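# Close look at the chain arrangement
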Amino acid sequence: MIEVRHLTKKYGRHTAVDDLTFSIDKGKIYGFLGPNGAGKSTTMNMITGYLAATEGSIVIDGADILKEPEKAKKSVGYLPEIPPLYNEMTVREYLMLAAGLKGIRGDERSVQVDVIISRVNLKEVAERLIVNLSKGYRQRVGLAQAMIGFPETIILDEPMVGMDPGQIIEIRKLIKSLAKNHTVILSSHILAEVRELCDYILIISNGRLVAEDTPENLENLFDENDRIILEAKGSADDIRRVLGEIPGSGECRLVKREDGLFTVEVRPECEDDMDDMRERIFFAFAGKKIPVLSMMRKKSTLEEVYLKLTQGGGAGGGSHI
């Protein structure tokens, strides 16, 4: 659907986007992650045709955005970080203007605007001035603008920035509903939202793609973060002694808490041994009459993987990059 090949953008000596290559398929929500200055917005602006690439190509539904810009742009709707709204207009007036600018004429324009207003739940504010709307509603208007023409792909740049929790929940529901009829590319710094919403994630750092995969596979990228966490009641010496007697228990770390309990972190020598290791820990502590109040397997979070990939270290090759 969208093919990005060796995409590069330079501003003088500064390279904002450096040889990016990736594909976007139909029917998924894609997360586009990276620290400030990584090149996310620049890449989005090139995909939408707002910026020209220094090198490389972008093909959208078979149309090269440089050779057939009008055809390619019809397949993409775009909501930038700051929605391009006209505050002195009503919601309906603004959307009618946006439809006209996108080449939609006559009765079709009114019909399409009505459908989109209904789809993004703007009926009750359709005749109100945009300046008087809340942040959540203004963002909905921006999304409605991106949907004009019913493009195959909708690109959202930080759609939840500055919102309160209630507004974030509303926009999350709206994005999920969009995915029923569109492919969605979502850029956000709210990693929990990306984990919740996205089927596939691309992570860039310093203008380069450092990893891409499903959220689940990315969380498994660094095996050393897979560990067992337990709460135990006993002395440090007794706990260490029991753990030392368990085959394959690997590296262990104890932290004494204010309530006198110990939080114990166990990193088994073999990741595939996790379930058996939990059983061995349980029976070993029970045999020594040391109470274990809780035990869980803790895997890498998306946040941990993101920080490792964007603050040095990288993915180290493999199928993820």
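The structure this text deals with has already been given above.
Notes on the structure in this doc start here.

### Some thoughts on the sheet that holds strand β1 (residues 2–11)
Reading across the sheet, the four strands line up as β2-β1-β4-β5 and stay open at both edges, with antiparallel pairing between neighbours. Two strands lie at the open edges of the sheet, namely β2 (14–24) and β5 (63–64), each paired on one side alone. In the sheet, β1 pairs with strand β4 (residues 55–60) via five bridges, with the strands oriented antiparallel. Its bridge partner lying in β4, T8 is registered against E55. The strands that helix α1 (residues 40–47) touches are β1, β2 and β4; relative to β1, the one it contacts most, it runs at about 120 degrees.

### A short note on unusual backbone geometry
One non-glycine residue, H6, adopts positive backbone phi at about 50 degrees. Among the structural elements, H6 can be located in strand β1. Overall, the relative accessible area of 48% leaves H6 in the partly exposed class. A positive phi angle, close to 55 degrees, is found at N121, a residue other than glycine. As for its position among the elements, N121 is in the loop between α4 (106–119) and α5 (135–147).

### A short note on the sheet that holds strand β3 (residues 29–33)
In a beta sheet, neighbouring strands pair by backbone hydrogen bonds and run either parallel or antiparallel. Strand order in the open sheet formed by six strands is β6-β7-β8-β3-β9-β10, with mixed pairing between adjacent strands. Looking at which strands have only one partner, the edges of the open sheet turn out to be β6 (76–79) and β10 (208–213). Between one strand axis and the next, the sheet turns by 15 degrees as a mean value, whatever way the strands run. Summarising the sheet, strand β9 (residues 200–205) and β10 pair through five bridges and their orientation is antiparallel. Within β10, the residue paired with I204 across the bridge is L209. Across the face of the sheet, helix α11 (residues 302–310) comes into contact with β3, β9 and β10 while running at roughly 30 degrees to β9.

### Observations concerning the environment of V184
By the element assignment, V184 lies in strand β8 (residues 183–187). Sequence separation between V184 and A63 is 121 residues, and the spatial gap between their C-alpha atoms is 19 Å. If near-sequence neighbours (up to four positions away) are discounted, V184 is found in contact with K28, I29, Y30, I154, L156, I175, L178 and A179.

### Concerning helix α10 (residues 274–287)
For α10, built from 14 residues, the straight-helix expectation of 20 Å at 1.5 Å per residue is met to within 8% by its first-to-last C-alpha distance of 20 Å. Listing the buried residues of α10 in full gives M274, M277, I281 and F285. Taken around the axis of α10, the buried residues stretch over an arc of 60 degrees, which confines them to a single face. Of the exposed residues in α10, the ones pointing more than 90 degrees away from its buried face are F283 and G287. On its buried face, α10 sits against β11 (227–232), α9 (236–244), β13 (262–267) and β14 (292–298).

### Comments concerning the packing of helix α3 (residues 91–101) against α4
Axis separation between α3 and α4 bottoms out at 10 Å; the angle between their running directions is 125 degrees. Considering their axes alone, α3 and α4 lie oblique with respect to each other. When you trace α3 past α4, the crossing you get is right-handed. Residues R92, L95, M96, A99 and G100 of α3 lie in contact with α4, whose contacting residues are R109, S110, V113, D114 and I117. Grouping the amino acids of the contact of α3 with α4 by side-chain chemistry returns five nonpolar, two polar and three charged.

### Side note on the side chain of E193
Looking at the element boundaries, E193 is found in helix α7 (residues 191–197). The exposure class assigned to E193 is buried, which follows from its relative accessible area of 8%. The contacts of E193, once residues within four sequence positions are left out, are M160, I168 and R172.

### Some details on the packing of α5 against helix α6 (residues 165–178)
Direction vectors running N to C along α5 and α6 enclose 15 degrees, while the axes themselves pass 10 Å from each other. In terms of their interaxial angle, α5 and α6 are classed as roughly parallel. Two packed elements cross with a definite hand, and for α5 against α6 that hand is right-handed. Contact residues: K135, G136, Q139, R140, L143 and M147 in α5; Q167, E170, I171, L174 and L178 in α6. Of the residues assigned to the contact of α5 with α6, the class counts are five nonpolar, three polar and three charged.

### Points about the environment of L209
Tracing the chain through its elements places L209 in strand β10. Sequence spacing of L209 and D18 is 191 residues, and the spatial spacing of their C-alpha atoms is 8.4 Å. Every residue in contact with L209, bar those within four places of it in the chain, is listed here: L20, T21, F22, L202, I203 and I204.

### Thoughts on α1
Taking burial as the measure, the eight residues of α1 include seven buried ones, the bulk of the element. Of all the residues in α1, the buried ones are K40, T42, T43, M44, N45, M46 and I47.

The rules we used
- Residues numbered from 1 in each chain as written.
- Predicted model: local features only at pLDDT ≥ 70, side-chain atom pairs only at ≥ 80, totals over all residues.
- Heavy atoms only, no water.
- Pairing = 2+ DSSP bridges.
- Helix = DSSP H or I, 4+ residues; strand = E, 2+ residues; numbered from the N terminus.
- Contact = heavy atoms within 4.5 Å.
- Axes fitted to C-alpha atoms, helices over the stretch in contact; angles between N-to-C directions.
- Buried < 20%, exposed > 50% of the residue type's maximum accessible area, 1.4 Å probe, protein only.
- Expected span 1.5 Å × (residues − 1).
- Arc of directions from axis to C-beta.
- Parallel < 35°, antiparallel > 145°, perpendicular 65-115°, else oblique.
- Left-handed = near helix turned anticlockwise from the far one by under 90°.
- Nonpolar A, V, L, I, M, F, W, Y, C, P; charged D, E, K, R; others polar.

In short, the description is geometric, and any link to function would need to be established separately.
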